[in-house]
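Coordinate inspection notes
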Amino acid sequence: MAKKPNVSVEKNRPDGVRVTAAKCVRCKQPVVARFRPFCSQRCSDLDLAGWLTSQYRIPTDETPDGYETEPPADED
Ligand SMILES: [Zn+2]
């Protein structure tokens with residue numbers, strides 16, 4: 001059985017940290033597999049904080065699609 005050429009998009013940095021071809025969604029640096037989809041714990045934390053902050057700011061008058069509560073079942 002012939003070995004297929006390695007087409008993995010992952011690379012190994014000299015310092016041994018596994019990174020991927022993907023870019024950090026915050027700072028566009030190479031993503032570290034451990035913190036996907038971010039490059040570091042810091043970016044992960046910052047993104048989460050940003051999410052929470054904007055969640056608090058967004059008015060919630062409208063119900064997002066697919067997030068409606070089921071109508072109460074009319075049990076007999
Ligand atoms: Zn980053």
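As the structure is a prediction and not an experimental result, all values here were calculated from the model.

Okay, unusual backbone geometry next. Omega for the bond connecting R36 with P37 falls within 30 degrees of zero, at 0°, which places this linkage in the cis form. Positionally, P37 belongs in the loop between strand 3 (30–32) and helix 1 (41–57). Of note, the phi angle at K28 is positive, near 70°, even though the residue is not glycine. Residue position: K28 is located in the loop between strand 2 (18–23) and strand 3.

Right, let's talk about the environment of S44 for a bit. With respect to the helices and strands, S44 occurs in helix 1. We classify S44 as partly exposed; it has 19 C-beta atoms within 10 Å. The sequence separation of S44 and V25 amounts to 19 residues, and the corresponding C-alpha distance is 9.2 Å. Not counting residues within four places of it along the chain, the set of residues in contact with S44 comprises F35 and F38.

Quick notes on the rules
Residues numbered from 1 in each chain as written. Predicted model: local features only at pLDDT ≥ 70, side-chain atom pairs only at ≥ 80, totals over all residues. Helix = DSSP H or I, 4+ residues; strand = E, 2+ residues; numbered from the N terminus. Buried ≥ 20, exposed ≤ 12 C-beta atoms within 10 Å, placed from the backbone. Contact = placed C-beta atoms within 7 Å.

Everything listed here is a matter of coordinates, which is why it stays silent on function.
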